[in-house]
Amino acid sequence: MPPGQRFGLALLLWVIGIMGVVAVSVGLELFTNVDLDNPSIGWIVLLQTPIWVAFLGGMRFARRFNLNWRHQLAWRIRRSDIALGLGVGVALQVVVNLMYWGILTLFDGADADDVAEPARELAENVVSPLEILALVLLAVVMAPLVEELLFRGLIQGAISDKFGHLLGVGASSVLFGLSHFQGIQLPALILVGIANGLLVWKTKRIGPAFWSHLSFNGVTTLILTL
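Quick caveat: nothing in here was measured; it's all calculated off a predicted structure. (Residues numbered from 1 in each chain as written. Predicted model: local features only at pLDDT ≥ 70, side-chain atom pairs only at ≥ 80, totals over all residues. Heavy atoms only, no water.)

Section: the overall build of the chain
Summing up its helical and strand segments, the chain has 9 helices and 0 strands in all. In sequence order, the chain lays out its α and β elements as α-α-α-α-α-α-α-α-α. For a compact globule of 226 residues, the expected C-alpha radius of gyration is about 17 Å, and the chain comes in at 18 Å, within 12% of that figure. When its C-alpha atoms are laid out on the principal axes, the chain stretches across 45 × 45 × 35 Å. Expressed as a percentage of its 226 residues, the buried residues of the chain come to 41%. Within the chain, residue pairs in contact and separated by at least 24 positions form 74% of the contacts whose partners lie at least 6 positions apart. Accessible surface, the chain: about 12100 Å² in total, of which carbon and sulfur atoms supply 68%. Averaged over its 14 positive side-chain charges, the chain has a centre that lies 27 Å from the centre of its 15 negative ones. (Helix = DSSP H or I, 4+ residues; strand = E, 2+ residues; numbered from the N terminus. Rg over C-alpha atoms; globule rule 2.2 N^0.38 Å. Buried < 20%, exposed > 50% of the residue type's maximum accessible area, 1.4 Å probe, protein only. Contact = heavy atoms within 4.5 Å. Areas by Shrake-Rupley, 256 points an atom, 1.4 Å probe, with all protein chains shown as cover. Lys, Arg positive; Asp, Glu negative; His and termini not counted. Charge placed at Lys NZ, Arg CZ, Asp CG, Glu CD.)

Some points on helix H2 (residues 41-61)
The first and last C-alpha atoms of H2 sit 29 Å apart over 21 residues, in line with the 30 Å expected at 1.5 Å per residue. A maximum bend of about 35 degrees is found in H2 at Gln48, where proline Pro50 lies one to four positions downstream. Of the positions making up H2, those classed as buried are Ile41, Ile44, Val45, Leu47, Pro50, Ile51, Trp52, Ala54, Phe55, Gly58 and Met59. (Expected span 1.5 Å × (residues − 1). Bend = angle between axes of the 7 residues up to and from the residue.)

Observations concerning the side chain of Gln93
Mapping Gln93 onto the fold places it in helix H4 (residues 79-106). Gln93 sits in the buried class, given a relative accessible area of 9%. When sequence neighbours within four positions are dropped, the list of residues in contact with Gln93 reads Phe216, Val219 and Thr220.

As for a nonpolar patch on the surface
A contiguous nonpolar surface patch, about 510 Å² in accessible area, is contributed by Ile18, Val22, Val26, Leu30 and Phe31. In this structure, Val22 sits in helix H1 (residues 3-31). (Patch = residues over 30% accessible without salt bridge, like charges linked within 9 Å, V, L, I, M, F, W, Y side chains within 5 Å. Salt bridge = Lys/Arg side-chain N within 4 Å of Asp/Glu carboxyl O.)

A few points about the environment of Gly170
Within the secondary structure layout, Gly170 lies in helix H7 (residues 165-178). Sequence separation between Gly170 and Thr221 is 51 residues, and the spatial gap between their C-alpha atoms is 27 Å.

Quick word on the packing of aromatic side chains
Inspection of the entire model under this criterion finds 5 aromatic pairs. Residues Trp14 and Phe55 carry aromatic rings whose centres are separated by 6.2 Å and whose planes lie at 15 degrees to one another, so their mutual orientation is stacked. Placement of Trp14 in helix H1 and of Phe55 in helix H2 is noted, with a sequence separation of 41 residues between them. The exposure class assigned to Phe55 is buried, which follows from its relative accessible area of 2%. Between Phe151 and Phe176 the ring centres are 5.4 Å apart and the planes differ by 75 degrees, which places this aromatic pair in the edge-to-face class. (Phe/Tyr/Trp six-rings, centres within 6.5 Å; stacked < 30°, edge-to-face > 60°.)

Some thoughts on the layout of surface pockets
Unoccupied space between atoms shows up once a probe the size of one water molecule is rolled over them. Its volume calculated, the second largest pocket comes out at about 260 Å³. If you trace the second largest pocket, you find 17 residues lining it, with His71, Ala74, Gly157, His165 and Val200 closest to the centre. Those elements that place two or more of their residues in the lining of the second largest pocket are helix H3 (69-72), helix H6 (129-163) and helix H8 (186-203). Ranked by residue count, the leading element in the lining of the second largest pocket is H6, at 6 residues. Grouping the constituent residues of the lining of the second largest pocket by class yields 4 nonpolar, 7 polar and 6 charged. (1 Å grid on protein atoms, 1.4 Å probe; cavity = no way out; pocket = protein on both sides within 12 Å on 5 of 7 lines; lining within 4 Å. Points joined across faces, edges and corners; volume = space filled by probe spheres on them. Nonpolar A, V, L, I, M, F, W, Y, C, P; charged D, E, K, R; others polar.)

Focus on the nonpolar core
Judged by nonpolar contacts, the single largest core of 45 residues is most densely connected at Ile41, Met59, Leu67 and Leu154. Taken together, the elements giving at least two residues each to this core come down to H1, H2, H4, H6, H8 and helix H9 (207-225). Among the elements that take part in this core, H6 stands out by supplying 13 residues, more than any other. (Core = buried A, V, L, I, M, F, W, Y, C linked by side-chain atoms within 4.5 Å.)

Comments concerning the confidence of the model for the chain
Scored by pLDDT, the chain comes out at a mean of 87, with 91% of its residues at no less than 70. Mean pLDDT in the chain bottoms out at helix H5 (residues 112-123), which sits at 60, and peaks at H7, which reaches 96. (pLDDT = per-residue confidence, 0-100.)

The structure is reproduced here in structure tokens:
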């Protein structure tokens, strides 16, 4: 599948996923009493499901149109990727915390609570073991898998093949950051995107980036649920 088609596929799957989330949200508001301003983790997982189905199902279907997962998505994972990725993810946590300590020190008006607010809101209603399991499924497993396939696999791969690896890593990292719609967290998200993008570029495998993303999100989840 040519680079232009892969990039278009990424945008199409993103739009379909978002439309699915909107449809589920409207359905919940019309037919249930769910408070979508403060939903439980179970409802959040349900709301994310259309995105997972769109990305994973759409990329699997695209195999029929010559999307080669191994070569065009770097879909390869080795045992050595686990240690490499986990180490990079933990290191990114340290770097991000140091970076925001510097930012908050430099700008006295910045509030440290604003940095952790999205993740804290996600975890604040998690109480039971089943809810913790749902949070781990959402934040530590599925989000890294889907986002790495989309941003490092489809988008970075397509841009790199067309314009070179540096632009591929940079552009996909910015798009990765912007897709979360979180202003104060944007520098950290772009940094994570660059680190994971470099891992894919240098190893030619998505495995290290997935484990790095899993480790980064896992540390945050662990801190919030303790």
